[in-house]
Amino acid sequence: MVNFLRLTLAPAAALLLIGCADAPPETQAETQSESGPLEGVWSVVAVEQAGAEPIDPAQPGLYIFAGDHYSAVYTPGPDARVKSVTSFLPTPEEMVAQYESIIVNSGRYEVDGTSLTMRPMIAKSPGFVGGYLRGTFSVTGDTLTLRNEELFDRDGVALPDFGEVLTLVRIE
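Residues numbered from 1 in each chain as written. Predicted model: local features only at pLDDT ≥ 70, side-chain atom pairs only at ≥ 80, totals over all residues. Heavy atoms only, no water.

Together, Leu 62, Ile 64 and Ile 171 line one region of the surface with nonpolar side chains, adding up to about 240 Å² of accessible area. Residue placement: Ile 171 occurs in the segment after strand E8 (164–170). Residue Ile 171 is classed as exposed on the basis of its relative accessible area, which comes to 52%. (Patch = residues over 30% accessible without salt bridge, like charges linked within 9 Å, V, L, I, M, F, W, Y side chains within 5 Å. Areas by Shrake-Rupley, 256 points an atom, 1.4 Å probe, with all protein chains shown as cover. Salt bridge = Lys/Arg side-chain N within 4 Å of Asp/Glu carboxyl O. Helix = DSSP H or I, 4+ residues; strand = E, 2+ residues; numbered from the N terminus. Buried < 20%, exposed > 50% of the residue type's maximum accessible area, 1.4 Å probe, protein only.)

So, on to the pattern of salt bridges. Pairing of side chains with opposite charge becomes possible as their charged atoms draw close. What the rule picks out here adds up to four salt bridges. Notably, a salt bridge pairs Asp 68 with Arg 108, separated by 2.4 Å at the nearest N-O pair. Of this pair, Asp 68 sits in the loop between strand E2 (61–66) and strand E3 (69–74) while Arg 108 sits in strand E4 (residues 103–112), and the two are 40 residues apart along the sequence. For Asp 68, a relative accessible area of 32% puts it in the partly exposed group. Note on Arg 108: relative accessible area 40%, which makes it partly exposed.

Of the strand pairs in this sheet, strand E5 (residues 115–123) and strand E6 (residues 132–140) are connected by four bridges, and their pairing is antiparallel. Opposite Ser 115, over in E6, you have Thr 136 as the bridge partner. Relative to strand E7 (residues 143–152), E6 is paired through nine bridges, and the arrangement is antiparallel. Bridging across to E7, Val 139 finds its partner in Leu 144. If you look at the hairpin formed by E6 and E7, you'll find two residues sitting between the two strands, and Gly 141 has a positive phi there, around 60 degrees. (Pairing = 2+ DSSP bridges.)

Rendered as structure tokens:
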């Protein structure tokens, strides 16, 4: 009985140990996802919206791309955001001005060559959740240019006369 156990358990243990051993470096590299050209933290430095004067330097803004997710928060206009007279207790007028002065959305993104599609999972505007933004991008050194060309709500309705070009600089 002891010999039987040695003959059956020893090969099984050897196979288990071989299976648990580290894979060769080339196999490990193949299983690790490569970071794409958008991966990182980007600061918005210039904004050009259809029919408006370019804003350079832009008001504060950040884009973060990590894995297949993104987060975007920026001020698209030329003016600083309205502050509340009483911190954390804005008046109704201050709330409207604050809401209108910022773009906020986060979700998943897809890259196909230089085409970019962002699909928000959460957004300042609930109608954008389930919709998407489509455009193109280019990266030169630490500068990212986003050409946002089409914006659709959750019902597939396009925002008319939409178009913007954002210039961002990598900060991380």
